[in-house]
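Okay, here's what each chain looks like letter by letter:
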Amino acid sequence: MVVHTDLNLLSVLQYAVEVLEVQHIIVCGHYDCGGVKAAMSNHNLGIINKWLRNIKDVHRFHRQEVDAIADEGARINRMVELNVQEQVMNLAKTSIIQKSWKHKNQPHIHGWVYDLHDGIVKSVFEMPAGTHIDPLYEFDNL
Ligand SMILES: [Zn+2]
């Protein structure tokens, strides 16, 4: 799932964490993703531009590493992994997750990437409950 400050998504997250008390959240991307490929191009794709812009932001955060990869397919696949990582971190930036980590020591957040060619799911980024994040994003009144 793509996580940004989307209100519908935050209400789903809140319900899952506070009411259902889920112990694990999985953010799963997939290699060879057309969305990531589109976000790395300069084509105007109309109504999905805003969604692709979030992926462009991930590219900007990791520009040096990503742009140093010569092969286009490998570059896209690394971006898929980094996008999953950023979405896991975006979850950890929410007060919903931080509050639950503090009071219930759950959920654990897993970042996975699925490879449609061999069916293998690879773990690329893990945030166990209670992981320390950049203090810039830590709430002090939960
Ligand atoms: Zn895709």
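Residues numbered from 1 in each chain as written. Predicted model: local features only at pLDDT ≥ 70, side-chain atom pairs only at ≥ 80, totals over all residues. Heavy atoms only, no water.

Draft legend 1. Here's a closer look at the overall build of the protein chain. When helices and strands are tallied, the protein chain shows six helices and three strands. Its helices and strands taken in sequence order, the protein chain reads α-β-α-α-α-α-α-β-β from the N to the C terminus. Taking 142 residues into account, the globule formula puts the C-alpha radius of gyration at 14 Å, and the protein chain, at 16 Å, falls close to it. If you line up the protein chain on its principal axes, its C-alpha atoms span 45 × 30 × 25 Å. Burial statistics for the protein chain: of 142 residues in total, 36% are counted as buried. (Helix = DSSP H or I, 4+ residues; strand = E, 2+ residues; numbered from the N terminus. Rg over C-alpha atoms; globule rule 2.2 N^0.38 Å. Buried < 20%, exposed > 50% of the residue type's maximum accessible area, 1.4 Å probe, protein only.)

Draft legend 2. Representation of the pattern of salt bridges in the model. Overall, the coordinates contain six salt bridges when judged by the stated rule. Between Arg 63 and Asp 67 there is a salt bridge; the shortest N-O distance is 3.9 Å. Residue Arg 63 and its partner Asp 67 are both found in helix α4 (residues 63–67); the two are separated by four residues, about one turn of the helix. For Arg 63, a relative accessible area of 51% translates into the label exposed. (Salt bridge = Lys/Arg side-chain N within 4 Å of Asp/Glu carboxyl O.)

Draft legend 3. Representation of the coordination of the zinc ion. Within the first shell, the zinc ion binds the protein through His 30 (NE2) and Cys 33 (SG), at distances of 2.0 to 2.3 Å. On the accessibility criterion, Cys 33 (14% relative accessible area) is buried. (Donors = N, O, S within 2.8 Å, 3.2 Å for Na, K, Ca; no water.)

Draft legend 4. Summary view of the nonpolar core. The biggest cluster of nonpolar side chains holds 30 residues, and the ones touching the most others in it are Ile 97, Trp 101, Ile 109 and Met 127. Those elements giving two or more residues to this core turn out to be α1 (7–19), β1 (24–30), α2 (34–39), α3 (49–61), α5 (72–92), α6 (95–104), β2 (108–114) and β3 (121–127). The dominant element in this core, judged by the number of residues it contributes, is α5, at eight residues. Excluding its chain neighbours within four sequence positions, the residues that come into contact with Met 127 are Val 88, Met 89, Ala 92, Trp 101, His 108, Ile 109 and Ile 133. (Core = buried A, V, L, I, M, F, W, Y, C linked by side-chain atoms within 4.5 Å. Contact = heavy atoms within 4.5 Å.)

Draft legend 5. Seen up close, α5. Taking 1.5 Å per residue, 21 residues should reach 30 Å; α5 reaches 30 Å between its end C-alpha atoms and fits that length. The N-terminus of α5 is capped by Asp 71, whose side-chain oxygen sits 3.2 Å from the backbone nitrogen of Gly 73. (Expected span 1.5 Å × (residues − 1). Polar contact = N/O pair within 3.5 Å; in protein donor to acceptor, adjacent residues only side chain to side chain.)

Draft legend 6. Fine view of the sheet that holds β2. The sheet built from three strands is open, its strands ordered β1-β2-β3 with mixed pairing. Each edge of the open sheet carries a strand with a single partner, namely β1 and β3. Recorded for the sheet is a direction-independent mean angle of 25 degrees between the axes of neighbouring strands. Bridging between β2 and β3 involves six bridges; their strand directions are antiparallel. Paired with Ile 109 across the bridge in β3 is Met 127. Strands β1, β2 and β3 of the sheet are contacted by α5, whose axis makes an angle of about 160 degrees with β2. (Pairing = 2+ DSSP bridges. Axes fitted to C-alpha atoms, helices over the stretch in contact; angles between N-to-C directions.)

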